[in-house]
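Coordinate inspection notes
Read off the chains here:
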Amino acid sequence: KIQTITTMSIPSGVAVIAISNGSPPSIPNPVNALSAHVRQYLQTAIVNALKDPSILAIVLVGRPDGKGVFSAGADIKEFSGNSGGSVTTSEPGGIPTLNDLAHLMEGSSKPIIAALTGACLGGGMELALAAQYRVADKSLKYGLPEVKIGLIPGAGGTQRLPRLCGVRYALDVIVRGRINCSSAEGMKCGFLDGVAKNDETVVDCAMRWASWAAKLPPITLESRRLCNRSVPNDAEGMQNEDMCDFALQSCPPKRAGGESARATVEAIRASFEVPSFTEGMEVEKNVFNDLLYHSLQGRAYRHIFFAERSSSSGKRKSTNPLAKGKGTIGVIGAGTMGRGIAISFLKAGYGPVILLDVNAKGLEAGVKYIQQTLQIDAKKGRLSPSKLKAALACLQSSTALSALANCDLVVEAVFENLGVKRDIFSKLDSIVKKEDALLLSNTSTLDVDAISSSLSPQRRQFCAGMHFFSPAHIMKLVEVVRGKDTSADTLETIRAVTKLIRKIPIVVGNCDGFVGNRMMHPYTTESTLTLVGHGGGEAGLTISDVDSAIGPKYFGMALGPFQVSDVAGNDIGYNIRREKGILRDPKTGQVGKNRSPGMRYTEIADEMVEKMGRLGQKVQKGWYNYDPKIGKGRKPLPSTEMQQLLDKYSKDSPSRGTKLEKDEIVQRVLFPLVNEGFKILEEGIASDPSDIDIIYLYGYGWPAYRGGPMFWADNEVGLPSVLNKLEELHTMHPGSEYFRPSELLRDCVKKGLGVQEYFRQSKTDATKSRL
């Protein structure tokens, strides 16, 4: 039900309409999303103001007091239904679209002044473009980010912005999906007409403009309507069509996530190529609807948008002061991970942050790195001078665990050795004074319960895993690992803290490798086995063949599996295999006790580390060679030594020396990864398929336009195809258990459901049963 419409009339003859008044009290709308309720409210309020002879001008503002956001844009949830009506297509019941509102505002017989504050994004910016005048305060951040969810602006953004600010600026804002345009930039490019003075609010500023505009002759109002303008020539003399051609060259290929970016260019091109504004709007509408209804890439981007918000929104709010950005933080380990974790907490305003390492030289190097990184961030404008000063003042260091006595939260980030970690937690048990202090491990594979068991029973509810990804101050993902004793309050506090340090928390269960690294095991294992099985000789599969199939130029992963191993360090995988008891003892030659007789295995990765010292980029040789003079030592170069080693290990393979098509390589190495994802869901380690997708997007370089491994399997490949291929591969290679299809996968195929639909239906059924 749409709430009663009210407008606030000002004695001077100006009506102030606040977007926030359109949301019913029962439906929180902190970002002023332009939902059906809000759109109908705005339409009625504007029409009423136009009919009222005592009102001479209209001010449109986000909130009545002129504070907070103007509008973050359309209600994207409406895009997931059967209609994109919130933007382009009329809806039943007389609810206006964003286009209806924009046309109403632009055709207004009375001047409309948009008073912009905070976020003015997407549909919010498009409404502002439809107003005759735009003013703002210094809090404004505007932009058109639709391309990031696989769409284009659909309420006139691609037609009005080029007419107002030129094609060059429209391409910059729309194709890049910018959201950070400031009021100073808005004045420079012509988007804004004025900025509030230091001694006035944005509402006062808008009222001043409204009083002035109300006195102007009707012909002036006509000239302010962007639909009546033509697109201006470029100030730097470049032809508009040439700028569009140039923009296309910088867009990703269409098949590699570039559908929406390329579509924005074509819609902007229509602003100056088609004869009229009306025809340009028709082009925009058609392109928007085509992307909305027919683009799988667009669906993938929107899936990520919703999955990210769902994963980071807890069911309850933590009352712990840590959840409000207050508390003393301890970080144990001054290596790469520890440094990055400390930086994350310092930039979020926590303090003091105590970096601890028993190695004095390592600690000194860690502190120096943190200081330099913070200073670089400040120079690049990512950290204000005052925040830099505060962060540096909050950084402390020590070689003694006793320095952590007053911590509210401690993150252990030493190397992956269970004995060492248990010893640290045992000591923290007696050192840390606060009984409810959070004691967390950054372990990437080890048993969180085994670590927690070294604490006294009453402390174990405050222990969990907090698995950052390297480099921790840059990567957005954190796996929050739930131990058997971890309390719900602890999980919610960690979730809140993770969001405050500007990362995405995904709560996962406790098992070997949790979600991300557990799924990586079959992926990396099969990559190596496929290479050895088909490599060797002049015609065989090469290391770069596998990486090329998986990497950015074909499937789209940020790096192929062998490049990733070289970057991370091949000794990491080697040490994990040793810990698991599957390596051959280099002294006795005896096979590890956990390598079963029928297990598919190759020792190529073991030998390259043990006997050849090919640890990766850090020693300039791994699966590839690296030359400091070429690509800053990061460009992978073919290695004759590794080819000889591949020849040695592939000599007995019946498929030796045969190439595989790229699609076959993709299926062989990625279907086992997906299958492991199904098993993880079966076991309750992950609570939703979309959580796995977010983990792989932000932790492992999965291409966003493919939506994550579970979305990809569901929507691009099809679960029946995944199941059939896994059964075929398991028949060929019974020694690879990761090819055995998950029972959940079989059940989904049997019921004709995608895995996301399966889980959504299960949750609905569970809710109904509780009722």
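As shown above, the structure is provided for reference.
Residues numbered from 1 in each chain as written. Predicted model: local features only at pLDDT ≥ 70, side-chain atom pairs only at ≥ 80, totals over all residues. Heavy atoms only, no water.

**Things to note about the overall build of the chain**
- Of regular secondary structure, the chain possesses 30 helices and 17 strands.
- Compactness check: the chain gives a C-alpha radius of gyration of 29 Å against a globular reference of 28 Å for 771 residues, within 12% of the reference.
- Its C-alpha atoms give the chain principal-axis dimensions of roughly 95 × 65 × 60 Å.
- Within the chain, the fraction of its 771 residues that count as buried is 56%.
- Looking at the chain alone, contacts between residues at least 24 apart form 72% of all its contacts between residues at least 6 apart.
- On the chain, roughly 33,500 Å² of surface is accessible, and the fraction owed to carbon and sulfur atoms is 53%.
- Looking at the chain, you have 94 positive and 81 negative side-chain charges, and the mean spots of the two groups are 5 Å apart. (Helix = DSSP H or I, 4+ residues; strand = E, 2+ residues; numbered from the N terminus. Rg over C-alpha atoms; globule rule 2.2 N^0.38 Å. Buried < 20%, exposed > 50% of the residue type's maximum accessible area, 1.4 Å probe, protein only. Contact = heavy atoms within 4.5 Å. Areas by Shrake-Rupley, 256 points an atom, 1.4 Å probe, with all protein chains shown as cover. Lys, Arg positive; Asp, Glu negative; His and termini not counted. Charge placed at Lys NZ, Arg CZ, Asp CG, Glu CD.)

**Topic: helix 12 (residues 296–311)**
- The end-to-end C-alpha distance of helix 12 is 22 Å, a good match for the 22 Å that 16 residues give at a rise of 1.5 Å each.
- Among all positions in helix 12, only Q297, G298, A300, Y301, R302, H303, I304, A307, E308 and S311 are buried.
- Two or three places before Q297, at the start of helix 12, stands the capping residue S295, its side-chain oxygen 3.4 Å from that residue's backbone nitrogen. (Expected span 1.5 Å × (residues − 1). Polar contact = N/O pair within 3.5 Å; in protein donor to acceptor, adjacent residues only side chain to side chain.)

**A closer look at the packing of aromatic side chains**
- Under the counting rule described, the total for this entry stands at 15 aromatic pairs.
- Considering the side-chain rings of F555 and W712, the 5.1 Å spacing of their centres and the 85° angle between planes classify their relative orientation as edge-to-face. Note that F555 is positioned in the loop between helix 20 (543–550) and helix 21 (561–568) and W712 in helix 27 (residues 709–717), a separation of 157 residues in sequence.
- Looking at W712, the relative accessible area reads 5%, which means it is buried.
- Arranged with centres 5.0 Å apart and planes meeting at 70°, the rings of Y738 and F739 form a pair that is edge-to-face.
- A relative accessible area of 0% means that F739 is categorised as buried.
- Taken together, the aromatic side chains of F555, F671, W702 and W712 make up a single cluster linked through ring pairs.
- Geometry around F305 places R309 over its ring, the cationic atom sitting 3.6 Å from the centre.
- Looking at R706, its charged tip hangs above the ring of F555, at a distance of 4.3 Å from the centre. (Phe/Tyr/Trp six-rings, centres within 6.5 Å; stacked < 30°, edge-to-face > 60°. Lys NZ or Arg CZ within 6 Å of the ring centre and 35° of its normal.)

**Structural notes on the nonpolar core**
- In this structure, L42, L116, Y142, L161, L171 and F191 are the most contacted members of the largest nonpolar core, which totals 69 residues.
- Element by element, the count of residues in this core is highest for helix 5 (residues 167–175), at 7 residues.
- Those residues in contact with L116 that sit more than four places away from it in its chain are F70, A128, R134, V135, A136, D137, L140, F191, L192 and V202.
- V515, L723, F739 and V755 belong to the second-largest nonpolar core, a separate cluster that totals 55 residues. (Core = buried A, V, L, I, M, F, W, Y, C linked by side-chain atoms within 4.5 Å.)

**Regarding the packing of helix 9 (residues 240–250) against helix 10 (residues 259–273)**
- Where helix 9 meets helix 10, the axes come as close as 10 Å, and the angle between the chain directions of the two elements is 175°. When the axes of helix 9 and helix 10 are compared, the pair comes out roughly antiparallel. Residues N240, E241, C244, D245, A247 and L248 of helix 9 form the contact with helix 10, whose own contacting residues are R262, V265, E266, R269 and F272. (Axes fitted to C-alpha atoms, helices over the stretch in contact; angles between N-to-C directions. Parallel < 35°, antiparallel > 145°, perpendicular 65-115°, else oblique.)

**Structural notes on the sheet that holds strand 7 (residues 141–143)**
- The sheet built from 3 strands is open, its strands ordered 5-7-8 with mixed pairing. Each having just a single partner strand, strand 5 (119–121) and strand 8 (181–182) make up the two edges of the open sheet.
- Contacts from helix 3 (residues 123–130) reach strand 5 and strand 7 within the one sheet, and its direction differs from that of strand 5 by about 85°. (Pairing = 2+ DSSP bridges.)

**Thoughts on unusual backbone geometry**
- Omega for the bond connecting G351 with P352 falls within 30 degrees of zero, at 0°, which places this linkage in the cis form.
- Position of P352 relative to the elements: it lies in the loop between helix 13 (336–347) and strand 11 (353–356).
- Residue P471 follows S470 across a cis peptide bond; omega there is -5°.
- If you trace the backbone, P471 turns up in the loop between strand 15 (463–468) and strand 16 (477–482).
- Positive phi is not limited to glycine here, since N32 has a value of about 55°.
- For N32, the location among the structural elements is in the loop between strand 2 (14–18) and helix 1 (36–51).

**What about the sheet that holds strand 11?**
- An order of 12-11-10-13-14-15-16-17 is seen for the 8 strands of this open sheet, with the pairing classed as mixed. Each edge of the open sheet is held by one strand with a lone partner, namely strand 12 (395–398) and strand 17 (504–509). The average angle at which neighbouring strand axes cross in this sheet is 25°, direction not considered.
- The sheet contact formed by strand 10 (residues 329–332) and strand 13 (residues 409–412) spans 4 bridges and is parallel. Its bridge partner lying in strand 13, G330 is registered against V410.
- Across the sheet, helix 15 (residues 385–394) is in contact with strand 11 and strand 12; its angle to strand 12 comes to roughly 20°.

**Considerations on the packing of helix 25 (residues 662–682) against helix 29 (residues 743–751)**
- Where helix 25 meets helix 29, the axes come as close as 7 Å, and the angle between the chain directions of the two elements is 95°. As judged from the angle between their axes, helix 25 and helix 29 are roughly perpendicular. Facing N675, F678, L681 and E682 of helix 25, the residues of helix 29 in contact are E743, L744, L745 and C748.
- Looking at the contact of helix 25 with helix 29 residue by residue, the class counts come to 5 nonpolar, 1 polar and 2 charged. (Nonpolar A, V, L, I, M, F, W, Y, C, P; charged D, E, K, R; others polar.)

**Considering the state of the cysteines**
- Tallying each qualifying case throughout the model produces 0 disulfides.
- Cysteine C189 is unpaired, with the sulfur of C165 as its nearest cysteine sulfur at 3.9 Å. (Disulfide = S-S within 2.5 Å.)

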